[in-house]
Amino acid sequence: MKRIVLKIGSSSLFSGGEFAEEKINILAREIKKLKDSGVEVCLITSGAIAIGLKEMNLDKKPTELPKKQALAAIGQMYLMEKYEEIFAGVGVKPSQILLSHDDFGNRNRVKNLNNTITALFNYGVLPIINENDAISTDEIKVGDNDTLGAFVALNIDADLLVIISDVNGLYDKNPVKDPTAKLIERVEKIDKSITSLAKEPTSKVGTGGMITKIKAAKICTDSGIDMMIIGNDKIDKISTILDGANLGTIFHSKGKMPKSKNWILSCANVNGGILVDDGAKKALLKRSSLLSCGIIGIKGSFSHGSVVEILDKEGVPFAKGVASFGVDTIKTLTKGENQVIVHANNIALIEEVL
């Protein structure tokens, strides 16, 4: 392994309402071991709002968006101050990157992000990434840092995403309610039998749950990236992953989908939609291009190069793709023309799994 993304959530960063400094010291030492082994490491962190709550002596997270944004702005400073102090103790220099969904949805921003992280790796610096909650709204949020970790792993060509959680991995039953629950150590394929095991989040400080972890695993494994969920009591063993240790549940990659198509499917901003007839849908499901003769309607407004949803005649999206023409040009084409509107190489099919 040459490049690993680690994600740690708020429920692992805090214990009894206090910042789990001893645990993060252990994490820092493990990251130092990985880096000393020649591995490039990127850390995805939560915790800004949780620290903001503590600094402002508040008992619970407010519901109003401006107040949550303000708490994120307050807490992010203290969070990075903690990280800087702890990583300095092991000889690792950290850096901060704050991101929103728009940063992944735009090709140019993704390229700039990749270039920045590569430069940080070349400097020997640890990128620490969090969602930019101080300015993010529901419309531009990634929403949870499990997905954020998957987006980063996908776009920097990581070999592995490790999600550090307050649970040890994926179980066949709810381990909190059923003592007979067994840990599933390996997942070879993510299908409905796997997603049916996911439950709603139970943590009071986190925003994700098992379903967000499975979604993250789907993004990763579709493009050849393994993902592992480990309990936060295994932080001191993270470096053993390099020797093949499985510390929880590992989702094995399939590696079938090109990175560009996974970006279209998982990350890209969608700017409109194209409705197609049954014949066009059947052809697209067989990996053909979308021709103008199969179009029966347009949703919204989009330009050349925009990512659009492709919908059946009932309005149900079944694919996404990069439009070769904008709305105005498409509307000028006659029904008999067979112009390629979305090329097969730029179409990603939506799997009905998650």
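The residue count restarts for each chain, going from 1 along the sequence in the order it is written. Predicted model: local features are reported for residues with pLDDT of at least 70 only, side-chain atom pairs are reported and counted for 80 or more only, and whole-chain, interface and lining totals are derived from all residues. Excluded from the side-chain calculation are hydrogens and water; included are all heavy atoms of the structure.

**Student:** Explain the pattern of salt bridges to me, please; I cannot follow it from the model alone.
**Tutor:** Counted as salt bridges are all cases of a side-chain nitrogen of Lys or Arg within 4 Å of a carboxyl oxygen of Asp or Glu. Taken as a whole, this structure holds 15 salt bridges when the rule is applied. In this structure, glutamate 30 and lysine 33 form a salt bridge, with 3.1 Å as the shortest nitrogen-oxygen distance. With glutamate 30 and lysine 33 both in helix H2 (residues 21–36) and 3 residues apart, this pair spans about one turn of that helix. When accessible area is computed with a 1.4 Å probe and restricted to protein chains, residues below 20% of their type maximum are described as buried, those above 50% as exposed, and intermediate ones as partly exposed. Looking at glutamate 30, the relative accessible area reads 3%, which means it is buried. Only DSSP runs of H or I reaching four residues or more are called helices, and only runs of E reaching two or more are called strands; each is numbered from the N terminus.

**Student:** In this structure, what is going on with the sheet that holds strand S10 (residues 248–251)? I would like to understand it.
**Tutor:** Through backbone hydrogen bonds, the strands of a sheet pair up, either in parallel or in antiparallel fashion. Whether two strands pair comes down to DSSP finding at least two bridges between them. An order of S5-S6-S4-S1-S7-S9-S10-S8 is seen for the 8 strands of this open sheet, with the pairing classed as mixed. The open sheet is flanked by strand S5 (94–99) and strand S8 (186–187), the only strands paired with a single partner. Two elements, strand S1 (residues 3–8) and strand S4 (residues 40–45), share 6 bridges in a ladder whose sense is parallel. The partner of arginine 3 across the bridge, within S4, is glutamate 40. Packed onto the sheet, helix H4 (residues 65–88) meets S1, S4, S5 and strand S6 (126–131) and runs at close to 155° relative to S5. We call two residues in contact whenever any of their non-hydrogen atoms come within 4.5 Å of each other. Axis definition: a line fitted to C-alpha atoms, over the contacting stretch in the case of helices. Angles run 0 to 180 degrees between N-to-C directions. Its contacts with the sheet place helix H6 (residues 107–122) against S1, S4, S5 and S6, and it is angled at close to 170° to S5.

**Student:** Teacher, can you tell me more about a negative patch on the surface here?
**Tutor:** In this scheme, patches are assembled from residues that exceed 30% relative accessible area and form no salt bridge. Like charges are connected within 9 Å, while nonpolar side chains (Val, Leu, Ile, Met, Phe, Trp, Tyr) are connected within 5 Å. A 1.4 Å probe and the Shrake-Rupley method give the accessible areas. Residues count as covered only by the protein chains that appear here. This count recognises Lys and Arg as positive and Asp and Glu as negative, with His and chain-terminal groups excluded. To locate a charge, take atom NZ for lysine, CZ for arginine, CG for aspartate or CD for glutamate. Together, Glu55, Glu81, Glu84 and Glu85 make up a region of like negative charge exposed at the surface. By residue number, the principal contributor to the negative patch is H4, which donates 3 residues. Tracing the backbone shows glutamate 81 in helix H4.

**Student:** Sorry if this is basic, but what is going on with the packing of helix H7 (residues 145–155) against helix H9 (residues 210–221) here?
**Tutor:** When two helices pack together, their arrangement is given by the angle between the helix axes and the distance between those axes. Running from N to C, H7 and H9 point in directions that differ by 10°, and their axes come no closer than 8 Å. The orientation of H7 with respect to H9, classified from their angle, is roughly parallel. On H9, the residues that touch Asp146, Thr147, Ala150, Phe151, Ala153 and Leu154 of H7 are Thr212, Lys213, Ala216, Ile219 and Cys220. Working rule for angles: under 35 degrees goes down as roughly parallel, over 145 as roughly antiparallel, 65 to 115 as roughly perpendicular, anything else as oblique.

**Student:** Which parts of the structure should I look at to understand the environment of lysine 93?
**Tutor:** Among the structural elements, lysine 93 can be located in the loop between H4 and S5. Put simply, lysine 93 and leucine 120 are 27 residues apart on the chain and 10.0 Å apart in space, counted from C-alpha to C-alpha. In this structure, lysine 93 is in contact with Val125 and Leu126, ignoring residues within four places of it in sequence.

**Student:** Quick question: what am I supposed to make of the packing of aromatic side chains here?
**Tutor:** Geometrically, a pair of aromatic rings is defined through the distance of the ring centres and the angle of the planes. Stacked, tilted and edge-to-face are the three classes applied to pairs of Phe, Tyr and Trp rings, where Trp contributes its six-membered ring and a pair requires centres within 6.5 Å; stacked means planes under 30 degrees apart, edge-to-face means over 60, and tilted covers the rest. For the structure shown, the criterion picks out 3 aromatic pairs. Arranged with centres 5.9 Å apart and planes meeting at 80°, the rings of phenylalanine 14 and phenylalanine 19 form a pair that is edge-to-face. Since its relative accessible area comes to 14%, phenylalanine 19 is described here as buried. The ring of phenylalanine 318 carries the charged tip of lysine 281 above its face, separated from the ring centre by 5.3 Å. In this analysis the charged atom, NZ for Lys or CZ for Arg, is taken to sit over a ring once it is within 6 Å of the ring centre and within 35 degrees of the ring normal.

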